[in-house]
Amino acid sequence: MKRLALFGLLLAGMMVWAGCSTVPLTGRNRLELVSSSEVSSLGAQNYKELMGQAKLSQNAVEVAKLRRVGQRVALAAEAVMRENGMAEEIPNYQWEFNLVQDDATINAFCMPGGKVAFYTGILPVCQDEAGLAVVMGHEVAHALAKHGNERMSQQLLVELGGAALSTALKEKPEKTQNLFMLAYGVGTTVGVVLPYSRSHEYEADRIGLQLMARAGYDPRLAAPFWERMAQKGGGGMPEFLSTHPVPANRIENLKALEGEALPFYERGQVK
């Protein structure tokens, strides 16, 4: 029995070692047992379902503004991928940007494969394109860093013994779909909750600053956005803040990271 347990631990350790990759711009090692193409396919399916159920905004000006910012941040993300030996990943990102008409929901998300949605409730906090870029950069950073993939890999390893995603979907489709929904925080009532760890959130902040700077937006405007978001919370907590670090800590950290991203903005490096 002990031998079996030891073998299981050894096998799990080998799978973890074999499934490690590196997060661009931060260099952190992450667990990646699920391929980008597989999670992108699942993400596209779930995104299509979500958008099919949602009421999309008919405000042409706001939609155009969101998509303009989104495309610029997407170009910056692809530049980062090329510079970090991830050029083969670019085809997995089929970018799409939609604005959901829901003034009560202060939220936004980016699913694997570059499927982005903003809720109209967050627009007053964003105020302008720079504010949109803060949120866009942060959400795209989650996808670029494969935080959802990492969470799903951990869950597959623990709950399904590290089974391949295709095998898990075939043998336990409902359980595997639930793992995906949990990993990416897909909900049925408020759209999407971001259940990432604080370390993931800080990492997305750091990468997001560089993405918005590369896209031509001043990274020094990120901290003021989070100050407005904290004020918006008042007695309650906006959905977008529900799993995020304490606002004061996040703002201090963002200000400390501005110098890392500022040169990209000052050079006007939009690729």
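> An account of the pairing of strand S5 (residues 115-119) is requested, with residue identities and associated values reported.
Counting buried positions over the five residues of S5 gives five, a clear majority of the element. Here strand S3 (residues 96-100) pairs with S5 via five bridges, running parallel. When the sheet's bridge partners are listed, Asn 98 is paired in S5 with Ala 117. Pairing between strand S4 (residues 108-111) and S5: four bridges, direction antiparallel. Considered in S5, the bridge of Met 111 is made with Lys 115.

> Could you give me a rundown of the sheet that holds S4, with the residues and numbers involved?
If you walk across this open sheet you meet the three strands as S3-S5-S4, and the pairing is mixed. The outermost strands of the open sheet, each flanked by one partner alone, are S3 and S4. Strand after strand, the sheet turns through a mean of 15° between neighbouring axes, direction not considered. Running at roughly 145° to S4, helix H2 (residues 36-53) makes contact with S3, S4 and S5 of the sheet.

The rules behind the values
Starting from 1, residues in each chain are numbered consecutively following that chain's sequence as written. In keeping with the predicted nature of the model, local features appear solely for residues at pLDDT of at least 70, side-chain atom pairs appear and are counted solely at 80 or more, and the whole-chain, interface and lining totals rest on all residues. Side-chain calculation: all heavy atoms of the structure are included, whereas hydrogens and water are not. Three exposure classes are used, based on accessible area relative to the maximum for each residue type with a 1.4 Å probe and protein chains only: buried under 20%, partly exposed in between, and exposed over 50%. Strands here are runs of E lasting at least two residues and helices are runs of H or I lasting at least four, both read from the DSSP assignment and numbered beginning at the N terminus. Pairing between strands is defined by DSSP: at least two bridges between the two strands are required. In this analysis an axis means a line fitted to C-alpha atoms, helices contributing only their contacting stretch, and an angle means the value between N-to-C directions, from 0 to 180 degrees. Contact between two residues is taken to exist if any of their heavy atoms lie within 4.5 Å; hydrogens are not considered.

Function-wise, these values are silent; they only describe arrangement.
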